[in-house]
Amino acid sequence: MLLAQKRLGSLVSSTKFLKTVNSSRLLEFSTSAAMSLKFKNTKRIEGLDKNVWIEFTKLAADPSVVNLGQGLPDISPPAYVKEELSKVAMVDNLNQYTRGFGHPSLVKALSCLYEKFYQKQINPNKEILVTVGAYGSLFNAIQGLIDEGDEVIIIVPFYDCYEPMVRMAGATPVFIPLRSKPVNGKRWSSSDWTLDPQELESKFNPKTKAIILNTPHNPFGKVYTKEELQVIADLCIKYDTLCISDEVYEWLVYTGNKHLRIATFPGMWERTVTIGSAGKTFSVTGWKLGWSIGPEHLIKHLQTVQQNTIYTCATPLQEALAQAFWIDIKRMDDPECYFNSLPRELEVKRDRMVHLLESVGLNPIVPDGGYFIIADVSSLDADLSDLKNEEPYDYKFVKWMTKNKKLSAIPVSAFCDSETKLQFEKLVRFCFIKKDSTLDAAEEIIKAWSRQKS
Amino acid sequence: MAKQMQARRLKGLDYNPWVEYARLATEYDAVNLGQGFPDFAPPDFALEAFQHAVSGDLMLNQYTKAFGYPPLTKILASFFGKLLGHELDPLTNVLVTVGAYGALFTAFQALVDEGDEVIIIEPFFDCYEPMTLMAGGRPVFVSLKPSPTRDGELNSSSNWRLDPDELASKFTPHTKALVLNTPNNPLGKVFSQTELELVASLCQQHNVVCISDEVYQWLVFDGCQHISIASLPGMWERTLTIGSAGKTFSATGWKVGWVLGPDHLMKHLRTVHQNSIYHCPTQTQAAVAESFEKEQLCFGQPSSYFVQLPRAMQRSRDYMARSLQSVGLMPVLPQGSYFLITDISGFKSKMPDLPGAANEPYDRRFVKWMIKNKPTGQPPHLCSPHPSCLEGTMWKLDCLLPRAWQPSLSPSSSACLIRRTSTTTSASVL
């Protein structure tokens, strides 16, 4: 910069005024350029600033819009869960720091609960970590186990944070899409969407550090079968790969389906980190508590991340969660146990949504689990000509539907990488963990819409 | 599994003194005077605020806005805008985090790249170093050093200063940030206007970001004034100011913290935040919002918690200092925070050979010995691995317990414990 100034000075030596103006301009430029250069984002977050939720939440924030977009229950959490938190709020000494890796009574409850499923003892201190939501567990797992240059296999569509988290760790995401089998007049189900085993194997190589599995799946609601999980497990073992298994919707499986935990498959415990969520388990997303379960040799690295990032999670929320768990752990076979009553309640809502969507020509994919339902919007023929051209169809459709029909959803291409967006651009995701009045309002909109069409 | 499991970014970061000492304190059933949290309840209005949050609007059980629960970002913007002398926009100048710890992590990840240098002032809160390393940065240390005290005069944290030339020498073209902590943990030093102006001028001269950890901003004694460096000329655009609800309202278990700063820096922290934890819990944020709203109404008045707490802590501080002096220990009187450093070099000369690893510093051995043999657990001065700091002297860290607040617990109980402990020790040695 100094050299440039000198050069400029010698070029215009006779016109002092010009020289002064130019060199001061250069100084100004150099200061602000230098300043802005230094205050630029770090390389690890380059290109990760966009976030689909920020955009669509703003869109759906209009109170006249029926929000079936974000995966947020508007139903009440169970009464005893709210009660436990109220009780905890009256206890003075639960307002200070607790154990960093998880409040003792909570990790004990989690250990007791999951031992039933894993058929093995789970050490509450070494094989469990409590995090800020399942989101935090994903972050800890990726930061703790994934290195720059590693590859991580991600199944498309995927919960949107998997890709940026993998990139933030300096690793390369390797995508493989779920593909739908032909339906042939049958009702379209999430089970029709599968991975091609050969295609999946082709994604594995010596650089593959992990595969991220999500079952039940967001957004499709697919519940992976034993055979499908076995294919993944066989590949993980063959290629010595980790499995990060996001099972936040583990309790939400519908009739005829069973949630299976890949960590229980032979050879998988030692290479799997299984993630759960209080928010999804007890309909308390705002408590932001999640957990990772796995072998000590993996969990210890997630714990190292924890002690260098947030250190500990909120105490009163952890204590209340522990107490809520104890109530349901004691009655796992009881229909009133929330792990049984919630899926029952949601199955009714799911069926209602299927019927509603069909009635207006939105072709639904019936989910086997989770609380989302996908609809194919291609037959609707909405006029989207006044919207930006470069966006995928479903983005435009959702914006049009929100504005014109006052009903919001999330475009499925938001859950895709840039290469596969077009494959999924005719699909939108609706959330149905909503109280009846919300679904009634959605029904009104859809009925009016259908009347308009006919 | 044959593959290397641990990510390289975690190399050398497995050890954490708090995890170790908390475990030891539990194992030996010791009184934990080490880790910085109160053993008294948050004030009633804060407890009530939390009770309201958990029994009020149902939707507080669900996600709130990612960058902060709106009533909280609003009150933080309004409250701190006045203090920093800069209008704050709740959406662009405020980010709510999981404690100040989470705020620090977010700041480091957002702004410290591989190869960047970060100036850290010793003694420092232990996480600054591993967080710098995890971000691929290089910590560059500069020490606060005590000036010698006159005979009989009590050492004070104000006595500990940075050498301006030494500080200036630490800045290089690679320096990305400087971490400032005022009031300082563990010393309790409250940086003066002049000291902050020195730091500020160097930051501006070298175009460096200042990460200012001000969690103890309300805990200042002897009429000392906490000054936020962001309020100095030329500093707003390059400073991130970090605060903590845990330290503000004596509710460390709520784990609510925040960062205040200019949008051109905050936007990078928002990117890290949305790709790490995304949301913070709603109800604890609601409790903090209501607590601040209550405090704003009586700010500066005698009834304000921000007036009453430091007053009570000052009494505890003085009581503890007297107790320590009475057994021949030499406390450094803190101007702020709720920590107090004590010189144990007298003990070292009497009991030089405490059990421990060959290269383990004396203060760590002393503390472990204390935990195992005496009923009080106290982590040592945490920068002792850096021989440049406090050369020749070992320090012990105590935590102040403002038991003056709790009429049921006599102020003498913890101090007696220490006094008895020390008396027994020296008596047995002599």
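Description of the structure in this document. (Residues numbered from 1 in each chain as written. Chains lettered and ligands numbered in written order. Predicted model: local features only at pLDDT ≥ 70, side-chain atom pairs only at ≥ 80, totals over all residues. Heavy atoms only, no water.)

## Some words on the overall build of chain B
Quick note on the threshold: Helix and strand labels come from DSSP, where a helix needs a run of H or I of at least four residues and a strand needs a run of E of at least two; each type is numbered from the N terminus. Between buried and exposed lies partly exposed: a residue is buried under 20% and exposed over 50% of the maximum accessible area for its type, with that area taken using a 1.4 Å probe on protein chains only. Whether two residues are in contact is decided by their heavy atoms, any of which lying within 4.5 Å being enough. All accessible areas in this document rest on Shrake-Rupley with a 1.4 Å probe, and a residue is counted as covered only by the protein chains that are shown.
The helix and strand tally for chain B stands at 14 helices and 15 strands. When the 430 residues of chain B are sorted by exposure, 64% land in the buried category. A fraction of 71% describes how many contacts in chain B between residues 6 or more apart in sequence connect residues 24 or more apart. With the model as given, the accessible surface of chain B reaches about 15500 Å², and the carbon-plus-sulfur share is 53%.

## Examining the overall build of chain A
Inclusion rule: For the purpose of counting charges, residues Lys and Arg are taken to be positive, whereas Asp and Glu are taken to be negative. His and the chain ends are not included. Taken as the charge location is NZ of Lys, CZ of Arg, CG of Asp or CD of Glu.
Helix and strand counts for chain A stand at 15 helices and 15 strands. Referenced to the eigenvectors of the C-alpha coordinate spread, the extents of chain A come out at roughly 95 × 60 × 55 Å. Buried positions account for 63% of the 454 residues belonging to chain A. For chain A, the share of sequence-separated contacts (at least 6 apart) that also reach a separation of at least 24 residues comes to 71%. Just so you have it, chain A exposes about 17800 Å², and 54% of that area is on carbon and sulfur atoms. Distance between charge centroids for chain A: 6 Å, based on 55 positive and 54 negative side chains.

## So, the nonpolar core
Condition: Take the buried residues of types Ala, Val, Leu, Ile, Met, Phe, Trp, Tyr and Cys, join any two whose side-chain atoms come within 4.5 Å, and each joined set is a nonpolar core.
The biggest cluster of nonpolar side chains holds 242 residues, and the ones touching the most others in it are Phe282, Phe325, Leu362, Phe397 and Phe430 of chain A together with Phe292 of chain B. With nine residues, helix α4 (residues 99–111) of chain B is the single largest residue contributor to this core. Apart from residues lying up to four places away in sequence, Phe282 of chain A is in contact with Pro77, Pro78, Tyr80, Val81, Leu321, Ala324, Phe325, Asp328, Tyr338 and Phe339 of chain A. Listed in part, the 26 residues of the second largest apolar core include Val140, Val199, Cys210 and Ile341 of chain B.

## Concerning helix α10 (residues 282–297) of chain B
Residues and elements named next belong to chain B. Note the threshold: In this analysis, the expected span of each helix is defined as 1.5 Å times one less than the number of residues it contains.
Along its 16 residues, α10 runs 23 Å from first to last C-alpha, staying within 8% of the 22 Å computed at 1.5 Å per residue. Judged by how many residues are buried, α10 sits mostly within the fold: 12 of 16 residues are covered. All of the buried residues in α10 are Thr282, Gln283, Thr284, Gln285, Ala286, Ala287, Val288, Ala289, Glu290, Ser291, Phe292 and Glu295.

## Examining the interface of chain B and chain A
What counts is decided by this rule: Buried area is a sum: the accessible area each of two parts loses on coming together, probed at 1.4 Å, counted once for each and added. Only one rule defines a salt bridge in this text: a Lys or Arg side-chain nitrogen within 4 Å of an Asp or Glu carboxyl oxygen. Whenever two N or O atoms come within 3.5 Å, that pair is a polar contact, provided that in protein one can donate a hydrogen and the other can accept it, and provided that, for residues adjacent in sequence, both atoms are side-chain atoms. Three classes are used: nonpolar for Ala, Val, Leu, Ile, Met, Phe, Trp, Tyr, Cys and Pro, charged for Asp, Glu, Lys and Arg, and polar for all others, with Gly counted as polar.
On the side of chain A, 80 residues touch chain B, which itself brings 82 residues to the contact. Note on chain B versus chain A: buried area summed over both sides is about 6900 Å², and carbon and sulfur give 55% of it. Counting the contacts that link chain B with chain A gives two salt bridges. Linking Arg8 of chain B and Asp147 of chain A is a salt bridge whose minimum nitrogen-to-oxygen distance equals 3.6 Å. Linking chain B with chain A are 44 residue pairs in polar contact (both at pLDDT 80 or more). Counting only elements with at least two residues in the side of chain B that touches chain A, the list comes to α1 (17–27), α2 (44–55), α4, α5 (128–134), β8 (175–181), α9 (263–274) and α10 of chain B. In terms of residue count, the dominant contributor to the side of chain B that touches chain A is α4 of chain B (seven residues). Taken together, the residues of the side of chain B that touches chain A sort by class into 43 nonpolar, 28 polar and 11 charged.

## So, the packing of aromatic side chains
Selection criterion: Any two rings among Phe, Tyr and Trp, with Trp reduced to its six-membered ring, count as a pair given centres within 6.5 Å; such a pair is stacked if its planes are under 30 degrees apart, edge-to-face if over 60, and tilted if neither. Whether a charge sits over a ring depends on NZ of Lys or CZ of Arg being within 6 Å of the ring centre and within 35 degrees of the ring normal.
Inspection of the entire model under this criterion finds 54 aromatic pairs over all chains. A ring pair is formed by Phe79 of chain B and Phe80 of chain B, whose centres lie 5.4 Å apart and whose planes are at 55°; its orientation type is tilted. In this structure, Phe79 of chain B and Phe80 of chain B share a single accessibility class: buried. Each ring, one from Phe124 of chain B and one from Phe141 of chain B, has its centre 5.4 Å from the other, and the planes form 20°; the classification is stacked. Residue Phe124 of chain B is located in the loop between β3 (117–122) and α5, and its partner Phe141 of chain B is located in strand β4 (residues 138–143); the two are separated by 17 residues in the primary sequence. A relative accessible area of 19% places Phe141 of chain B in the buried class. Among the aromatic side chains, those forming a connected cluster through ring pairs are Tyr114, Phe117, Tyr118, Trp251, Trp269, Phe282, Trp291, Phe325, Tyr338 and Phe339 of chain A. When the ring centre of Tyr224 of chain A is taken as reference, the NZ or CZ atom of Lys222 of chain A above it lies at 5.0 Å.

## Observations concerning the sheet that holds strand β9 (residues 209–213) of chain B
Residues and elements named next belong to chain B. Condition: Each pair of strands is called paired provided DSSP finds at least two bridges between the two strands. Fitted lines through C-alpha atoms give the axes, limited to the stretch in contact for helices. The angle between two N-to-C directions lies from 0 to 180 degrees.
One open sheet holds the seven strands; their spatial order is β2-β11-β10-β9-β8-β3-β4, and the pairing between them is mixed. Unpaired on one side and paired on the other, β2 (94–97) and β4 mark the two borders of the sheet. Going across the sheet, the axis of each strand differs from the next one's by a mean of 20°, ignoring polarity. Contacts from α4 reach β2, β3, β8, β9, β10 (239–244) and β11 (257–260) within the one sheet, and its direction differs from that of β10 by about 160°.

## Comments concerning the packing of helix α5 (residues 104–118) of chain A against helix α12 (residues 315–329) of chain A
A pair of packed helices is characterised by two quantities: the angle between their axes and the separation of those axes. All names here are of chain A. Note the threshold: Oblique is the label for any angle not under 35 degrees, not over 145, and not in the 65 to 115 range, which are roughly parallel, roughly antiparallel and roughly perpendicular in turn. Here is the rule for handedness: rotate from the far helix to the near one, and if that takes an anticlockwise turn smaller than a right angle the crossing is left-handed, while a clockwise turn gives right-handed.
Viewed as axis vectors pointing N to C, α5 and α12 meet at an angle of 30°, and their least axial separation amounts to 8 Å. By the angle class used here, α5 and α12 are roughly parallel. For the crossing formed where α5 meets α12, the hand is left-handed. Counting all contacts with α5, which are made through Ser105, Leu106, Lys108, Ala109, Leu110, Cys112, Leu113 and Lys116, the residues of α12 involved are Gln318, Glu319, Leu321, Ala322, Phe325, Trp326 and Ile329. Along the lines of polarity and charge, the residues of the contact of α5 with α12 split into 10 nonpolar, two polar and three charged.

## Here we look at the environment of Glu425 of chain A
All names here are of chain A. As for its position among the elements, Glu425 is in the loop between β14 (410–411) and β15 (427–431). Judged by relative accessible area, which is 18%, Glu425 ranks as buried. A C-alpha to C-alpha distance of 9.7 Å links Glu425 and Lys396, two positions 29 residues apart in sequence. Setting aside residues no more than four positions away along its own chain, Glu425 makes contact with Pro392, Tyr393 and Asp394. Reaching out from Glu425, the side chain makes a polar contact with the backbone nitrogen of Tyr393 at a distance of 2.8 Å.

## Things to note about the pattern of salt bridges
On inspection of all chains with the given rule, the structure shows 33 salt bridges over all chains. The partner of Lys349 of chain A in a salt bridge is Asp436 of chain A, and the shortest N-O contact between them spans 3.2 Å. Placement of the pair is Lys349 of chain A in helix α13 (residues 338–359) and Asp436 of chain A in helix α15 (residues 436–453), with a sequence separation of 87 residues. Given the relative accessible area of 6%, Lys349 of chain A is considered buried. Given a relative accessible area of 46%, Asp436 of chain A falls into the partly exposed group. For Glu195 of chain B, the salt bridge goes to Lys189 of chain B, with nearest N and O atoms at 2.7 Å. Here Glu195 of chain B matches Lys189 of chain B in class, with each residue buried. One network of salt bridges, with partners in common, ties together Arg352, Asp440, Glu443 and Lys447 of chain A.

## Some words on the pairing of β15 of chain A
Residues and elements named next belong to chain A. Buried residues dominate β15, accounting for five of its five residues. Here β15 shows two buried faces, one formed by Leu427, Arg429 and Cys431 and the other by Val428 and Phe430. Taken together, the five bridges between strand β12 (residues 372–376) and β15 define a ladder with antiparallel strand orientation. Bridging across to β15, Asp376 finds its partner in Leu427. Here two bridges tie β14 to β15, and the two strands are oriented antiparallel to one another. When the sheet's bridge partners are listed, Pro411 is paired in β15 with Val428.

## Structural notes on the packing of α13 of chain A against α15 of chain A
Residues and elements named next belong to chain A. In contact at an axis separation of 9 Å, α13 and α15 are set at 15° when each is read in the N-to-C sense. Here α13 is positioned roughly parallel relative to α15, judged by the angle of their axes. Pair α13 / α15 crosses with left-handed handedness. For the pair α13 and α15, the contacting residues are Lys349, Arg352, Met353, Leu356 and Ser359 in the first and Asp436, Leu439, Asp440, Glu443, Ile446 and Ser450 in the second. For the contact of α13 with α15, the per-class residue count stands at four nonpolar, two polar and five charged.

By themselves, these figures tell us nothing about what the structure is for.
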